[in-house]
Each structure stands twice: as structure tokens, then as C-alpha cells.
Amino acid sequence: MSTVAFPTTTIEGYPRIGAQRELKRALESYWSGQIDADTFRSTTRALRIDTYNHLRDLGLSEPYAIPADVALYDHVLETALTVGLVAGGTDLDEEFALARGTATRVPLEMTKWFDTNYHYLVPEVAAGQEITPVPDRIVRIVEEAREAGHQVRPYLVGPVTLLALSKPVEWSLLPALVDAYAQVFAALRQAGVEWVQVAEPIVVADVDTPDADIARYLGEAWSTLLGADARPNVYLTTPYGAADAALPVLGELKPEALHVDLSPWTLQATPDYVEQVRTHVAPETHLVAGLIDGRNVWAADLAERTEILTTLGATSVTTSTSLQHVPHTLKAERNLPVDVATWLAFADEKIAEALALSAGPQDAEVAFAASARVARTRAESPLRHDEAVAKRLGTLPAGQVQRQPLFAERQQAQREALNLPSLPTTTIGSFPQTPEIRQARAAHRNGTLSDAQYKEALQQEIKQVIELQEEIGIDVLVHGEAERNDMVQYFAELLDGFVVTENGWVQSYGSRCTRPPIVYGDVSRPAPMTVEWATYAQSLSNKPVKGMLTGPVTILAWSFKRDDVPLSVSADQIGAALADEVRDLEEAGISIIQIDEPALRELLPLRAKDRPSYLDWAVRSFRLVAVDAKPTTQIHTHLCYSEFGQIIDAVAGLDADVTSIEAARSRMELLADIDETFHSEIGPGVWDIHSPRVPSVEEIVELLQAALRHVPAEHLWVNPDCGLKTRKYEEVEPSLRNLVAARDAVLAQR
Ligand code: GLN
Ligand code: ZN
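Just so we're clear, the structure is a prediction, and the values are computed from it rather than from any experiment.

A.B. asks: Provide a residue-level description of the coordination of the zinc ion (ligand 2), including the pertinent values.
C.D. replies: Angles at a metal have ideal values that depend on geometry: 109.5 degrees with four tetrahedral donors, 90 or 180 degrees with six octahedral donors. Looking at the metal site, the zinc ion (ligand 2) is ligated by His638 (NE2), Cys640 (SG) and Cys722 (SG), spaced 2.0 to 2.3 Å from it. The coordination sphere of the zinc ion (ligand 2) comprises four donor atoms, whose angles at the metal cover 93 to 124°; the geometry is tetrahedral. Positions of the donor residues of the zinc ion (ligand 2), expressed as sequence spacing, correspond to H-x1-C-x81-C.

A.B. asks: Mind laying out the pairing of strand E16 (residues 634-639), listing which residues take part and the relevant values?
C.D. replies: Burial within E16 is extensive, with six of its six residues counted as buried. By the alternation rule, side chains of E16 split into Gln634, His636 and His638 and Ile635, Thr637 and Leu639, which are all buried. Relative to E16, strand E15 (residues 592-596) runs parallel, the two sharing five bridges. When the sheet's bridge partners are listed, Asp596 is paired in E16 with His638. Once the chain exits E15 it traverses helix H24 (residues 611-626) before rejoining the sheet at E16, and the crossover so formed is right-handed. For E16 and strand E17 (residues 658-661), the ladder comprises four bridges, and the chain directions are parallel. Among the inter-strand pairings, His638 is bridged to a residue of E17, identified as Ser660. Crossover connection from E16 via helix H25 (residues 648-653) to parallel E17: handedness right-handed.

A.B. asks: Give a description of the environment of Asp655 that names residues and reports values.
C.D. replies: As for its placement among the helices and strands, Asp655 is situated in the loop between H25 and E17. Of the residues examined, Asp655 reaches a relative accessible area of 8% and is grouped as buried. Asp655 sits 570 residues away from Leu85 along the chain, and the two C-alpha atoms are 44 Å apart. Polar contacts involving the side chain of Asp655 include one to the side chain of His679, which spans 3.2 Å.

A.B. asks: Describe the site of ligand 1, listing the residues and the values that go with them.
C.D. replies: Near ligand 1 you find 13 residues, and of these Ser430, Glu481, Asp596, His638 and Gly723 are the closest. Within the side chain of Lys725, one N or O atom sits 3.1 Å away from an oxygen atom of ligand 1. In isolation ligand 1 exposes 290 Å². Once the protein is present, 99% of that is buried. Partitioning the shell around ligand 1 into residue classes produces six nonpolar, four polar and three charged.

About the criteria used
Residues numbered from 1 in each chain as written. Chains lettered and ligands numbered in written order. Predicted model: local features only at pLDDT ≥ 70, side-chain atom pairs only at ≥ 80, totals over all residues. Heavy atoms only, no water. Donors = N, O, S within 2.8 Å, 3.2 Å for Na, K, Ca; no water. Tetrahedral: all angles 85-135°; square planar, octahedral: opposite > 155°, others 65-115°. Buried < 20%, exposed > 50% of the residue type's maximum accessible area, 1.4 Å probe, protein only. Helix = DSSP H or I, 4+ residues; strand = E, 2+ residues; numbered from the N terminus. Pairing = 2+ DSSP bridges. Right-handed = clockwise from strand over helix to strand, strands pointing away. Polar contact = N/O pair within 3.5 Å; in protein donor to acceptor, adjacent residues only side chain to side chain. Near = heavy atom within 4 Å. Areas by Shrake-Rupley, 256 points an atom, 1.4 Å probe, with all protein chains shown as cover. Nonpolar A, V, L, I, M, F, W, Y, C, P; charged D, E, K, R; others polar.

Below is the structure:
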């Protein structure tokens, strides 16, 4: 093995999308045929080299300090193609076909990467399959960097994590997969690589495979891999939490370097983790301390971080996770409130923090002084605290809250008040976001469209959406959400306690990015947020139009969170603010209000022990929104993006009157988890809106009949899986007509 020491300062990964979203543009231009494969390759190569240059200029100048966590679409797919767990690694178009599907093939499933908002592609595997590695993929990355003068550290997802995240989970593949990794390692060694980074974050999460088995697989896989001679030094990493039960195993395996996640967030959940690390990591393993938080945006308190570093003895400094979860740089933000801006650190600022921490308080005196000043001004700032919010929250009861009267009585009252037909039809909220809507919003933002003109344009849009629904014969209408750029950002812009960025793009998946808002202080609602649009829409129809809110858990899940109060505090505050919105909507004559919580599953903690308390406060914050609603006000909720079987009790616990939930793609699988304890009315989705396909009347009828085997007819609603904002009117119109026709057909048969 080699003699090149592990760098004293590094990071776990860097945003791949590009500071100007260059990767997004290259991908979309290539997919649409605007550029050819050669241009695409040279553009993305230039972006990678620019990134290495940039990281070196920021101070990551030691050999192997720059991670090459390269991927065109997704890093899990990249590793799966390189080690050959997924075939197709020699062809660019095949890679994109796997990621996005083609006219004749469905894409790989996509799901959340640990408890982040990044989605990875789930490798599809089968027992006994071929595993033929394509080491050239990773060797090329190293060589193109070397040609540009950089000794980068290639990156792979580890074999145990890769199998645990594949579908189905097929552990019999492990020996063959390990052999493929060994071949990739040998090729890297052959190419003169001294350090490879391999991530095994599966050790920080409780998954279906029991801890003891994960520990055994880790032992098997890594004793084989580390036992081989022809390999680079191995830097094994454990981002996203505490390795807990697996830490002794990793310690014993003695990789040349081991990363641990020591972010404030992780140490809060596992306060004795520093001690565990001291106990279990062998002296011959180079300990790499993930002290800079890779997934939140708050500036580090360098003095506090130094104490941990000192406790652990001589080590290297890195980030707790890849920086892919935070925006590139604060330099791109010109309009953040000055105070709040000084409290923040995005990717580039975090690199400076890691370097200062490595250098220590003597050598990095200026950085330490600045950090102390930020910690003090933030602690003393009146901006974070709002007396009125504290007072309001003080009046709320502790523990769970319960809307009165209970569901059965409310249901009766709502039947009389709303007088809806059997199997009522509705949609989830958004209608297609047309280019005209986007243009109007952009023009309003940059001042070329006045407030009045913008309002006029939106009202025009709402009118068309209402007329279309009336004409198709939908029973419960929506206004279409044309005013919302994003279901979280819209509310964050209108609530106090949040800031939004101009350029804080973070990759969500593939070419898709979001700009998560930042919660920096107590949250309150200075003025109504949705009432104007809802009442305008309602004025156009005699049918009920749903008021449409995003729930507290989802607003929080898709924002950067405070680190100075528990999440439950922010959730309560958002819940209370939304409760005021519910009251105002009621007063304006809105009789049905939907509170979307698609991210309820996403914030579920990685460790089973932390889940009950999360579900308690999450459910409470939702209930706070509706607790004072009139009995005749029908409260809907909507859930999607994941399988809810595991948390179905919490979904029932939301105590909504109607729950719409994604179900079409899984052919109503979730209904098996529904039992008597699930008392609300329910609308399992009957149209998979993630696909441009128009569902036929027959297939919707079939799904409804399947639903009727589990749900009494008087509880069943008919609706799509999710909002329609990503669809086109050409698909929406016929699909909705079929949905209504299918409902009528089912009613006629009864
Ligand atoms: N009401 C939102 C919409 O229709 C819900 C979106 C979501 O669940 N992700 O777009
Ligand atoms: Zn949805």
C-alpha cells in the first residue's frame, strides 16, 4: 500500500450541479437533442475540472483532498454501473434510459437518500445475476483530473450500502459484488491511485435487515476487500448519523482511514458518540472527524468544534456529509437580511471553516475570532425570538390536541352541510403550470408586471381552471395553485421567521433542483396567505372549492431547519400560523380545507428509537392547524412520495376528515394496511400523474373496485395520485373526464 498520508483537511463531496446549474443545462440540452454526445461530454468534463480548480483555490490543495464524487445523474447509479450491479455502464444513453425511462421502458424507481431531500435511483437486482464491473468509468475520472493537474480521491458507495438500498434486497449477491469491488480497487491501484473513498452510510440507519446481519455483511465484505494487496488505501465513511452498533465492527476492520459524522445534529441524537469513537477506533486507523455540518446552513462555532477535535486527538477534519445538500456559496446572495446572512455557511464557506478548524485557533486566529463574533451576535439577536409567538405558543395545551367533536359526529355535520354525491370526485390542488403562468410570475418578480396586472393574470387562470372542472363535472373543485412557484417556498415567502435565497439551488434528483427556504427564527403569519385566491375561486362556483395549505411537517422538511430549538418548536409555530389561515378561510366562506403533508414519511428518523417522539410532534403540529376548525369544515390531507404502510397509524392519527394518498402505481397496495382504526374518508389515487399516460375508464374502474373491497363506499373518494402541475392540459383533460366516467360507471353498477 501507499505512503501518501491522508489530507489534514477535506470534504465528503461537493455540489455536482454547478454554481450556475451548468450540469442541469447540459443534461436538459442533451436530452432535448440541442447538443450532441461529444458536446455534452466536453461540457460536463469542463464543469468537473472547473470544480477541482475551484476547490484547490479554496484551499483543498493537499494530494487527495478533493473528492471526485462524480455522477452525471446520480451517485448511486454511478457506483452501480461501475461495479456492474446494474448493467449498461458502457453507454451514455443506456445510463439515461435507466434514470429516465424511454417510450418502452420504465425508469428505475427513485427514492429518498437517507433522511435528505436528495433522491437516488434504486438498483433493480436479481439473485444469481451477472455482475461485470466497468472499472474504466472510475479510472477515466481519475485520469481526466490528473491531466488537469489534480490528484483527486475517487468515490464509491460501499457494497453493503449498495445492496441494502437495492430492490429486492438480495444478500446472496454480496460475494460476487465484493469481487467486483476488488477488481475496481485493483484497477484504481493500477492507475496509481493512493486513496479511494467508500461510503457505507447504511450503518447509521435502521433498515429491514437487522443490525447484527448488517454487521456480519460489513465484516465479510470489508475483511475481503481490505485483505487484498492490489488496492489503494481505503477511506471508509459513515455520513448521516451515528454508526452505533456497527462502530466496533468498523473499528476492528481497521481501514486506513475512517470517517465519522460528528455534526451538532448527530451529537444531539447520540450524545456519547464522541466517547464511542474514542473507544472503538483503533490507533492504527486514521480518524477523520466530520465536524463541519454538511447538510445544514449554519456557520460552525469553531471554538466548540475544536473541543471535540481536541478530545479525539490528532485527526483530519472534514464535513459530516457531502456538501451536495447545501447551496454553493453565500457570495451569490445579495438580498439576504444582513444579520441572518452572517449566521450562514454554504458549501464554500464550510470549506473555509474546515480549513480553519484544522489550522487551529493560533494559526487561524481571524477565522476563530469571526466565528466567536457570529456565535455571540446570533445568540444575542432579537431576530430569532418573537414575544408574541412565544405567548401564543404558551397558550397551547401540552401533549396531543384533539379537534371536537370526534370524526363520526363531524362526518354527519359535513354530510348535511356539503351535500356531496356518493364517491365524490376531486383533484389534489395544482393544475398545469403553463409557460404563461411562469412568464407572468417572472415578469412580476422583476417588476415588468404590476401587482394589479399579475393579480388579473392569475384570476384569469383561476377562472379557466374552475370552468374546466365545472364542465368536466368534478364535485369538489380547486383553484389550481397558479400563484405558487413551489408549495413550500410560497408559504416561506409569506411567513415571518423564514428567508429565501436567490441562488441557493440544491440538487433534488437528476437535473432537478430546489431552493430550500431557511427557518432562522420564530415563525408567524403577518397576513392571510391564501384567502384572496380561494375566495375568488369560490365566487365563481356553487360547488365547494378547497382551500389549499401546505402542512407544518412538509414546510419544515423542505426547508433548512433551525439548530437552536428542537424541530418540534418550529413545527408548533408553523401549525399555529396555519391555524389562523384556517380560521380566515372559514370566515371567508371556504368549507373544505386541504392541508398537504407529502413529507410526513420523509422526516421519519433513521433510527427506530427516535421515531415515536417524531411521530408525536409531527401529528400534533398537523392537528394544531385544524384543532379549532368548525365541525362542518371538512379537513382534507394529502400524502405522497413514499410508502405509508410503516406509519399508517400516524396517518390515521392526523384525524383529517378525508385523506388522499398516492396509490395508483402500487395498484392500491396501501389499502392492505388500512383497518378499522383508520376512520377518515379516503381517496386512494387512481391516476398515476408521474407518467404522461392517460388512464382508461376501465383501469380506473378496476382500481375503484379494488378500493371498494377495503373501504366502505360512503368513505371512498375519487382523485388522482397527486397535483397536476407537471402535466400538460392534453393529458389532464381526458384523464379527468375518464376519472368522472369511471366513478359514474361504478355508481351505476351498485
Ligand atoms: N396540493 C399540491 C399540488 O397539488 C400537493 C403537491 C404534493 O403533494 N407534492 O400540487
Ligand atoms: Zn402529492
